[in-house]
Amino acid sequence: MQIGTIIDFLETDTLYADFSPRGLKYLSLRNGSGHRAINLKDYDRLEGMDPMIDMLVRETGNFLETGRHNMTLDLTGFTPFQQMVFEAVSSLGPGKICTYKGVAEILGKPKAAQAVGNAIAKNPVAYFIPTHRVLPQRGIGICRSGAGFLREKLLAHEGHDIEKLRGNYVCD
């Protein structure tokens, strides 16, 4: 995938990331104070200089094209329950959606929907854990910016009719 296509889809030319020897620990599209800024506009000039950045850019393109990725993630800073939630969410294939309650049921903890939502809110690696595929039972809110906007864009990209997924509230 062309770098310009990635920039256009994500509506940013800068990613903020942290890596460990185990993999990607943090990824955000917003200014991440204290995190490494990766200027995608300069990537063509920098390609091949840092294998982790090369993998990040390659797997971002792969994810946007296929809904899947092979990015190595380091989630060791999270509780076993949070890691289980991230694993369950990561198993949802492109075009699939589930509710927080549905993820809780997958985990064998049907009363843990709120805990699932709390874990999902801590997703450290943006789209590489496809939390956009997990929705509240009441539907998604009307989002104008931030993560909600990217969620809608990714869901539409995967073939969903956003109006059919909408709830009756406005998110920030």
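Quantities reported herein were computed from a predicted structural model and do not represent experimental measurements. (Residues numbered from 1 in each chain as written. Predicted model: local features only at pLDDT ≥ 70, side-chain atom pairs only at ≥ 80, totals over all residues. Heavy atoms only, no water.)

### Re the confidence of the model for the protein chain
Stage number 1. A residue-level look at the protein chain finds 93% of positions with pLDDT of 70 or above and a mean pLDDT of 90.
Stage number 2. Per-element confidence in the protein chain is highest for helix 4 (residues 80-90), whose mean pLDDT is 97, and lowest for strand 7 (residues 166-170), whose mean pLDDT is 60. (pLDDT = per-residue confidence, 0-100. Helix = DSSP H or I, 4+ residues; strand = E, 2+ residues; numbered from the N terminus.)

### Section: helix 4
Stage number 1. Of the positions making up helix 4, those classed as buried are Phe81, Gln82, Val85, Phe86, Ala88 and Val89. Viewed along the axis of helix 4, the buried residues span an arc of 165 degrees, placing them on a single side of the element. Along helix 4, the residues that are exposed and aim more than 90 degrees away from the buried face are Pro80 and Glu87.
Stage number 2. Elements that come into contact with the buried residues of helix 4 comprise helix 5 (100-106), helix 6 (113-120) and strand 5 (134-135). (Buried < 20%, exposed > 50% of the residue type's maximum accessible area, 1.4 Å probe, protein only. Arc of directions from axis to C-beta. Contact = heavy atoms within 4.5 Å.)

### Observations regarding the side chain of glutamate 152
Stage number 1. Examined against the element boundaries, glutamate 152 turns out to sit in helix 7 (residues 146-157).
Stage number 2. For glutamate 152, a relative accessible area of 10% corresponds to the buried category.
Stage number 3. A polar contact of 2.8 Å, which involves the side chain of glutamate 152, links it to the side chain of arginine 166. (Polar contact = N/O pair within 3.5 Å; in protein donor to acceptor, adjacent residues only side chain to side chain.)

### Describing the packing of aromatic side chains
Stage number 1. Overall, the coordinates contain three aromatic pairs when judged by the stated rule.
Stage number 2. Measuring from ring centre to ring centre gives 5.8 Å for phenylalanine 63 and tyrosine 127, while their planes differ by 25 degrees; the resulting arrangement is stacked. With phenylalanine 63 in helix 3 (residues 51-66) and tyrosine 127 in the loop between helix 6 and strand 5, this pair connects stretches of sequence that are 64 residues apart. Each member of the pair, phenylalanine 63 as well as tyrosine 127, is classed as buried.
Stage number 3. Ring geometry for phenylalanine 78 against phenylalanine 86: centres 5.3 Å apart, planes inclined by 80 degrees, an arrangement best described as edge-to-face.
Stage number 4. Among the aromatic residues, ring-to-ring pairing joins Phe63, Tyr127 and Phe128 into one connected group. (Phe/Tyr/Trp six-rings, centres within 6.5 Å; stacked < 30°, edge-to-face > 60°.)

### With respect to the sheet that holds strand 1 (residues 14-20)
Stage number 1. Pairing in this open sheet of three strands is antiparallel, and the strands run 2-1-3 from one edge to the other. Edge strands, defined here as strands with exactly one partner in the open sheet, are strand 2 (23-28) and strand 3 (36-39). When strand polarity is set aside, the average angle formed by the axes of neighbouring strands in this sheet is 40 degrees.
Stage number 2. Sheet topology note: the strand 1/strand 3 ladder contains four bridges and is antiparallel. Looking at strand 3, one finds that leucine 15 is bridged to isoleucine 38.
Stage number 3. Of the strands in this sheet, strand 1, strand 2 and strand 3 touch helix 3, which is tilted by about 125 degrees from strand 1. (Pairing = 2+ DSSP bridges. Axes fitted to C-alpha atoms, helices over the stretch in contact; angles between N-to-C directions.)

### Overview of the nonpolar core
Stage number 1. One finds Leu27, Leu56, Tyr127 and Phe128 to be the most contacted residues of the largest nonpolar core, which totals 41 residues.
Stage number 2. Of all the elements in the fold, those that place two or more residues in this core are helix 1 (3-10), strand 1, strand 2, helix 3, helix 4, helix 5, helix 6 and helix 7.
Stage number 3. By size, the runner-up hydrophobic cluster in this structure holds five residues, among which are Leu135, Ile140, Leu155 and Leu165. (Core = buried A, V, L, I, M, F, W, Y, C linked by side-chain atoms within 4.5 Å.)

### Some details on the pairing of strand 2
Both faces of the sheet carry side chains from a regular strand, because those side chains alternate between them.
Stage number 1. Here strand 1 pairs with strand 2 via five bridges, running antiparallel. What sits directly across from serine 20, in strand 2, is glycine 23.
Stage number 2. Between strand 1 and strand 2, which pair antiparallel one after the other, the connecting turn spans two residues.

### Overview of helix 6
Stage number 1. All of the buried residues in helix 6 are Val116, Gly117, Ala119 and Ile120. For helix 6, the angular spread of the buried residues around the axis is 160 degrees, confining them to a single face.
Stage number 2. Buried-residue contacts for helix 6 involve helix 4, helix 5 and strand 5.

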